[in-house]
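As a plain string of letters, each chain reads:
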Amino acid sequence: MRRIKRNSFPFLILFLIHTFFLGLTFYRIKNRKNIFVLLVSNMGFAYLFEYFVLNLFKAYVYKPNALKNRFLDNIFGAVLSQAIFIPFTAVFLTISKSGWPAKIFGSIYFSLIELLFLRLRVFKHVWWKTVYTLLLLPLYFKWSDSWYHYFVKKNSIVRFVSFFLMVMVTETNLFLLLAIFRKFRFGMGRYHSWREHFILSPLYSITLSFFTAYSLKKDNDLGAKLRVILFSTCLNYLFERIKLLKNNLQFIEYLLVRIVMVSVYGKYREWVYGEREGSEK
């Protein structure tokens, strides 16, 4: 990690502002588990959007200068935007029951931030346009409202997808961390580029997350957790055998990571479905 430089300050300032508003939201609401589920669900939808817009089609470039590697630095900037700035705002607007005027104001606010970042040269358009941000964000904020409404109403589809997204976001962040520390690298051929990694890694994460969510939804017990660990180990072995994954973790290290993660996902399941609630009908 580099020390904080000029490019990093705008991101740091936004981080502090949006963290304050999220903290205020958690402080004011008693049912913090529901807020957490909504927050991570919003992150999950943003990550899926970013996979197509950034990872596949390279719509823009972030330049926070937080990491030495330019590609990783770009991804880190995207994570700040899609996992913190925008989702934190969406949760604040949803929980405060803000109407369309506030949503439109939020969209204008982020559009102005985008123009400022362009001027400061910490963000660059490739084919993206600020008008897309202006038009799409109010819809995203409204989507957050609807998602929370149906989650509170215990809609079976919304609850399962929320659980899946929580696992997916956690796996995505885990793989990003492992990639930064050069423990995991997805790719094709002898040399695995970062672009290949961030195209294949989300697909791996989605597959593992769906199996995990489906298994733990039915039974949040030791047997289900062992099945998830076995599946993830086999999936990991398969990707290594077909040379789509370079894994620098020792087997015991990987196993310990999986045990910790499946314990976390068991807790997620309780937050989504309730501790004593049985299988969804």
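Scroll up to find the structure.
Residues numbered from 1 in each chain as written. Predicted model: local features only at pLDDT ≥ 70, side-chain atom pairs only at ≥ 80, totals over all residues. Heavy atoms only, no water.

**As for the overall build of the protein chain**
So, point 1. The secondary structure content of the protein chain amounts to nine helices and four strands.
So, point 2. Secondary structure elements of the protein chain, listed N to C terminal, follow the sequence α-α-β-α-α-β-α-α-β-α-α-β-α.
So, point 3. Taking 19 Å as the expected radius of gyration for a compact globule of 281 residues, we find that the protein chain reaches 19 Å, a close match to that expectation.
So, point 4. Once the C-alpha set of the protein chain is aligned to its principal axes, its extents read approximately 50 × 50 × 30 Å.
So, point 5. For the protein chain, the share of sequence-separated contacts (at least 6 apart) that also reach a separation of at least 24 residues comes to 74%.
So, point 6. Within the structure as shown, the protein chain displays about 15,100 Å² of accessible surface, and the carbon and sulfur contribution to it stands at 67%.
So, point 7. Charge centroids of the protein chain, computed over 39 positive and 14 negative side chains, lie 8 Å from each other. (Helix = DSSP H or I, 4+ residues; strand = E, 2+ residues; numbered from the N terminus. Rg over C-alpha atoms; globule rule 2.2 N^0.38 Å. Contact = heavy atoms within 4.5 Å. Areas by Shrake-Rupley, 256 points an atom, 1.4 Å probe, with all protein chains shown as cover. Lys, Arg positive; Asp, Glu negative; His and termini not counted. Charge placed at Lys NZ, Arg CZ, Asp CG, Glu CD.)

**Some words on the nonpolar core**
Note on soluble globular proteins: their nonpolar side chains tend to be buried together.
So, point 1. Residues Tyr 60, Phe 141, Phe 163, Phe 184 and Tyr 204 are the most contacted members of the largest nonpolar core, which totals 83 residues.
So, point 2. Sort the elements by how many residues they give to this core and helix H3 (residues 70-95) lands first, with 15 residues.
So, point 3. Non-local contacts of Tyr 204, meaning those with residues more than four positions away in its chain, are made with Phe 175, Phe 186, Ser 232, Leu 235, Asn 236, Phe 239 and Tyr 254. (Core = buried A, V, L, I, M, F, W, Y, C linked by side-chain atoms within 4.5 Å. Buried < 20%, exposed > 50% of the residue type's maximum accessible area, 1.4 Å probe, protein only.)

**Comments concerning the packing of H3 against helix H4 (residues 100-120)**
Packed helices, taken two at a time, are described by the angle their axes make and the gap between the axes.
So, point 1. Contact geometry of H3 with H4 gives a least axis separation of 11 Å together with a crossing angle of 165 degrees. As far as their axial angle goes, H4 and H3 are roughly antiparallel. In this structure, the crossing between H3 and H4 has a hand that is right-handed. Residue-level inspection shows Phe 85, Ile 86, Thr 89 and Leu 93 of H3 in contact with H4, the latter providing Ala 102, Lys 103 and Phe 110.
So, point 2. Taken together, the residues that form the contact of H3 with H4 break down as five nonpolar, one polar and one charged. (Axes fitted to C-alpha atoms, helices over the stretch in contact; angles between N-to-C directions. Parallel < 35°, antiparallel > 145°, perpendicular 65-115°, else oblique. Left-handed = near helix turned anticlockwise from the far one by under 90°. Nonpolar A, V, L, I, M, F, W, Y, C, P; charged D, E, K, R; others polar.)

**Some remarks on the packing of helix H1 (residues 8-28) against helix H2 (residues 32-56)**
So, point 1. For the pair H1 and H2, the least separation of the axes is 9 Å and the interaxial angle reads 145 degrees. Where H1 crosses over H2, the two elements pack in a sense that is right-handed. On H2, the residues touching Leu 22, Thr 25, Phe 26 and Tyr 27 of H1 are Arg 32, Ile 35, Phe 36 and Leu 39.
So, point 2. Considered class by class, the residues forming the contact of H1 with H2 number six nonpolar, one polar and one charged.

**Focus: the layout of surface pockets**
So, point 1. One number sums up the size of the largest pocket: a volume of about 540 Å³.
So, point 2. Phe 49, Gln 82, Ile 86, Thr 133 and Leu 137 are the residues nearest the centre of the largest pocket, which is lined by 22 residues in total.
So, point 3. Secondary structure elements with two or more residues in the lining of the largest pocket: H2, strand S1 (60-62), H3, H4 and helix H5 (130-152).
So, point 4. A breakdown of the residues in the lining of the largest pocket according to their chemical character gives 18 nonpolar, three polar and one charged.
So, point 5. Considered as a void within the structure, the second largest pocket measures approximately 340 Å³ in volume.
So, point 6. Together, 22 residues line the second largest pocket, and Tyr 47, Asn 55, Thr 172, Phe 198 and Pro 202 are the ones closest to its centre. (1 Å grid on protein atoms, 1.4 Å probe; cavity = no way out; pocket = protein on both sides within 12 Å on 5 of 7 lines; lining within 4 Å. Points joined across faces, edges and corners; volume = space filled by probe spheres on them.)

**Here's the deal with the packing of aromatic side chains**
So, point 1. Here the structure, examined in full by the defined rule, presents 34 aromatic pairs.
So, point 2. Taken together, a centroid distance of 5.4 Å and an interplanar angle of 75 degrees make the contact between Tyr 51 and Phe 52 edge-to-face.
So, point 3. According to the relative accessible area criterion, Tyr 51 is buried, its value standing at 10%.
So, point 4. A relative accessible area of 46% places Phe 52 in the partly exposed class.
So, point 5. Their ring planes at 25 degrees and their centres at 5.8 Å tell us that Trp 143 and Trp 147 sit as a pair that is stacked. Pair noted here: Trp 143 and Trp 147 are both in helix H5, with a separation of four residues, about one helical turn.
So, point 6. Taking relative accessible area as the criterion, Trp 143 reaches 43% and is therefore assigned partly exposed.
So, point 7. Accessibility expressed as a relative area gives 9% for Trp 147, which makes it buried.
So, point 8. Among the aromatic residues, ring-to-ring pairing joins Phe 49, Tyr 60, Tyr 62, Phe 123, Trp 127, Trp 128 and Tyr 132 into one connected group.
So, point 9. Lying over the aromatic face of Trp 194, Arg 185 brings its terminal NZ or CZ to 3.6 Å of the ring centre. (Phe/Tyr/Trp six-rings, centres within 6.5 Å; stacked < 30°, edge-to-face > 60°. Lys NZ or Arg CZ within 6 Å of the ring centre and 35° of its normal.)

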